[in-house]
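Okay, here's what each chain looks like letter by letter:
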Amino acid sequence: MILDGLDERYGASEKLISEALVGSHKLLLLSRPYGVEGERPQVDVEMEHGGLSAGQVQAYLGQHMSREEGEGLWAFVQGQPALQQLALVPVNLQILCALWQDDAQGLQAAAQGGNLLGLYQRLTEYIWRRYTQRPGNEGLGVEEREQLFELLGEVALRGLGRGEILISAATVREVAEERSGRESLPRESGLLLQAAGRRYQFPHLTFQEYFAGRQLAIGLLSEEGRAREEVMQYLRAHKYKPQHRVMLSFAGGEVSRREGREGLEKLLMALGESASEVVGVQQLLLELRCVEAWLRQGGGPLGEAYQRRLTGWLEEALRQVKRGGDTTLLELLEGTFPSLRAVLAETSAVLEALLKAARDSSEYVRSAASAALGELSKAAPSEAVLEDMDADARA
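What you see is a predicted model, and the numbers here were worked out from it, not measured in a lab.

Re the overall build of the protein chain
Moving on, step 1. Helix and strand counts for the protein chain come out as 19 helices and 5 strands.
Moving on, step 2. Counting across all 395 residues of the protein chain, residues that qualify as buried make up 46%.
Moving on, step 3. Considering only residue pairs separated by 6 or more positions, the protein chain has 62% of its internal contacts joining residues 24 or more positions apart.
Moving on, step 4. Looking at the protein chain as shown, the accessible area adds up to about 19900 Å², and 49% of this sits on carbon and sulfur atoms.

Below, the structure written as structure tokens:
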């Protein structure tokens, strides 16, 4: 049974999963396997979709762009390691093509360093601009765009909180009445589509996650106490759920874009205040995703307090390795998301701790530290980090 576009199990995918479980062959292919933890052990074959190959990407560019445009976009993607991964997903590749043809220089600035927030911000503004070019919409400006985007953000956020990717008409009507005093939202923009059965959906799940993260950031940074409290309640209820990971990464990027380091600190503080985990590993990994989003915005080196926090966790992971060869925590820290090295490469204390561990008396520790350093070598430390390190570490 292959599920495409209904990866999170909720709603219509439930019937398909039930049919797959009673069949004689159980093949389950998902890009985001949320909510199927109980069924996964029963599957005969599990496959991970790796996306398009480099050859397929180039073939797509050749079919949908001029030779000059395709070569230019491919060269840009090749120079951005994080963007290479994004381009392997068909919907992201389609987005990149549309934005490159519209404004290549603007896309390069927005998506530098694999900035997913910048990519979707650019795309939604592009769709809005096309919407305002339709007859009768010429007078719509930035204020109307912000009003619509906040309405969509609230729909997206409530939908995620209720496990809705196919969003119910009740959710849409509820937001419309609260926010605009109307019973419906303007859907002609192309950002909220009507599906079968009086349900609604965004063009792709990542659009919903983008608008939800944007709205969460707006509420957190609001001067209204009620709005901030609603965000805190949402975080307490949902922040550790895997289906909210991408949304929270978008929120981390958005608070950083709006208020810089101060915005990031507000989000980290909110996540800490609503912490409900005893061990703290999930909390750390959650914070790392937000910090990574800050770095993707070009935020610069991390503060000393957070460097000490990261170093403390790394040292604890290495102690576990030394005590019995247990690499579980270390692998969890290294493998949380592909760009974790971008966070660590901006943290001189972490690099120095790994270099020290690479000279440890324990073979297990030396091996683990060397492997981690190998991963970090894929992202060269910034000049500011190098200046902060001692001479031996720099060498």
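That shown, we press on.
Some details on the layout of surface pockets
Moving on, step 1. Of the pockets and cavities examined, the second largest pocket occupies roughly 550 Å³.
Moving on, step 2. Along the wall of the second largest pocket there are 18 residues; nearest its centre are Glu154, Arg158, Arg179, Ala227 and Glu230.
Moving on, step 3. Elements that contribute at least two residues to the lining of the second largest pocket include exactly helix H7 (142-161), helix H8 (169-180), helix H9 (205-221) and helix H10 (225-238).
Moving on, step 4. Residues of the lining of the second largest pocket, tallied by class, amount to 5 nonpolar, 4 polar and 9 charged.

Focus: the sheet that holds strand E5 (residues 199-201)
Moving on, step 1. Pairing within the open sheet is antiparallel, and its 3 strands lie in the order E3-E5-E4. At either end of the open sheet lies a strand with only one pairing partner, and these are strand E3 (167-168) and strand E4 (193-195).

Brief notes about the pattern of salt bridges
Moving on, step 1. Within the structure shown, the criterion is met by 15 salt bridges.
Moving on, step 2. In this structure, Arg236 and Glu229 form a salt bridge, with 3.0 Å as the shortest nitrogen-oxygen distance.
Moving on, step 3. Using a relative accessible area of 43% as the deciding quantity, one classes Arg236 as partly exposed.
Moving on, step 4. Across the pair Lys266 and Glu259 runs a salt bridge, and its minimum N-O distance is 3.0 Å.

Things to note about the side chain of Ser222
Moving on, step 1. One can find Ser222 in the loop between H9 and H10.
Moving on, step 2. The residues contacting Ser222, other than those within four sequence positions of it, are Ala227 and Arg228.

Examining the packing of aromatic side chains
Moving on, step 1. Scanning the model with the defined rule gives 10 aromatic pairs in all.
Moving on, step 2. Ring pairing ties together the aromatic residues Tyr120, Trp128, Tyr131, Phe149, Phe202, Phe207, Tyr210, Phe211 and Phe250, which thus form one cluster.

Structural notes on the nonpolar core
Moving on, step 1. Core analysis: the biggest nonpolar cluster contains 71 residues, and Leu73, Phe202 and Leu216 have the highest contact counts within it.
Moving on, step 2. Here this core gets 10 residues from one element, more than from any other, and that element is helix H11 (residues 245-273).
Moving on, step 3. Dropping the residues within four chain positions of it, Phe202 is found in contact with Leu152, Val155, Ala156, Ile167, Leu191, Leu192, Phe207, Gln208 and Phe211.
Moving on, step 4. In terms of nonpolar packing, the next biggest core, distinct from the first, is built from 10 residues, Leu318, Ala357, Val365 and Ala372 among them.

Structural notes on the packing of helix H6 (residues 116-132) against H7
Moving on, step 1. The contact between H6 and H7 brings their axes to 12 Å, and the two run at 120°. Relative to H7, H6 is oriented oblique. Handedness of the crossing formed by H6 with H7: right-handed. Along its contact with H6, which presents Thr124, Glu125 and Trp128, the element H7 presents Glu144, Arg145, Leu148 and Phe149.
Moving on, step 2. Its residues assigned to classes, the contact of H6 with H7 comprises 3 nonpolar, 1 polar and 3 charged.

What about H6?
Moving on, step 1. If you check H6, its first and last C-alpha atoms are 24 Å apart, about what 17 residues at 1.5 Å a residue would give, namely 24 Å.
Moving on, step 2. Of all the 17 residues making up H6, 12 are buried; the element is thus mostly covered by neighbouring parts of the structure.
Moving on, step 3. Burial in H6 covers these residues: Leu117, Gly118, Leu119, Tyr120, Gln121, Leu123, Thr124, Tyr126, Ile127, Trp128, Tyr131 and Thr132.
Moving on, step 4. N-capping of H6 is provided by Asn115, with a side-chain oxygen placed 3.2 Å from the backbone N of Leu117.

Structural notes on the environment of Arg198
Moving on, step 1. With respect to the element layout, Arg198 can be found in the loop between E4 and E5.
Moving on, step 2. Owing to a relative accessible area of 57%, Arg198 belongs among the exposed residues under this scheme.
Moving on, step 3. Along the sequence, Arg198 and Ala169 sit 29 residues apart, while their C-alpha atoms lie 6.0 Å from each other.
Moving on, step 4. Apart from the residues within four sequence positions on either side, Arg198 is in contact with Ser168, Ala169 and Arg173.

Thoughts on the packing of H6 against H11
Moving on, step 1. One way to put it is that H6 packs onto H11 with a least axis distance of 9 Å and a crossing angle of 80°. With respect to H11, the element H6 is oriented roughly perpendicular. Note on element contacts: H11 touches H6 through Phe250, Gly253, Glu254 and Arg257, opposite Leu116, Leu117, Tyr120 and Gln121.
Moving on, step 2. Considered class by class, the residues forming the contact of H6 with H11 number 4 nonpolar, 2 polar and 2 charged.

A closer look at the side chain of Ser168
Moving on, step 1. Topologically, Ser168 is positioned in strand E3.
Moving on, step 2. Residues in contact with Ser168, not counting those within four places in the same chain, are Arg198, Arg199 and Tyr200.

Quick look at the confidence of the model for the protein chain
Moving on, step 1. In the predicted model, the protein chain carries a mean pLDDT of 77, and 68% of its residues have values of at least 70.
Moving on, step 2. A low-confidence stretch, residues 4-12 (pLDDT under 50), is modelled with 22 contacts involving residues beyond four sequence positions or located in other chains.

Some remarks on the environment of Gly312
Moving on, step 1. Locating Gly312 in the fold gives a position in helix H13 (residues 304-324).
Moving on, step 2. Placed 41 residues apart in sequence, Gly312 and Ala353 show a C-alpha to C-alpha distance of 9.5 Å.

Quick notes on the environment of Ala371
Moving on, step 1. Assignment of secondary structure puts Ala371 in helix H17 (residues 363-376).
Moving on, step 2. A relative accessible area of 46% means that Ala371 is categorised as partly exposed.
Moving on, step 3. Along the primary structure Ala371 and Ala358 are separated by 13 residues, whereas in three dimensions their C-alpha atoms are 9.3 Å apart.

Calculation criteria
Residues numbered from 1 in each chain as written. Predicted model: local features only at pLDDT ≥ 70, side-chain atom pairs only at ≥ 80, totals over all residues. Heavy atoms only, no water. Helix = DSSP H or I, 4+ residues; strand = E, 2+ residues; numbered from the N terminus. Buried < 20%, exposed > 50% of the residue type's maximum accessible area, 1.4 Å probe, protein only. Contact = heavy atoms within 4.5 Å. Areas by Shrake-Rupley, 256 points an atom, 1.4 Å probe, with all protein chains shown as cover. 1 Å grid on protein atoms, 1.4 Å probe; cavity = no way out; pocket = protein on both sides within 12 Å on 5 of 7 lines; lining within 4 Å. Points joined across faces, edges and corners; volume = space filled by probe spheres on them. Nonpolar A, V, L, I, M, F, W, Y, C, P; charged D, E, K, R; others polar. Pairing = 2+ DSSP bridges. Salt bridge = Lys/Arg side-chain N within 4 Å of Asp/Glu carboxyl O. Phe/Tyr/Trp six-rings, centres within 6.5 Å; stacked < 30°, edge-to-face > 60°. Core = buried A, V, L, I, M, F, W, Y, C linked by side-chain atoms within 4.5 Å. Axes fitted to C-alpha atoms, helices over the stretch in contact; angles between N-to-C directions. Parallel < 35°, antiparallel > 145°, perpendicular 65-115°, else oblique. Left-handed = near helix turned anticlockwise from the far one by under 90°. Expected span 1.5 Å × (residues − 1). Polar contact = N/O pair within 3.5 Å; in protein donor to acceptor, adjacent residues only side chain to side chain. pLDDT = per-residue confidence, 0-100.

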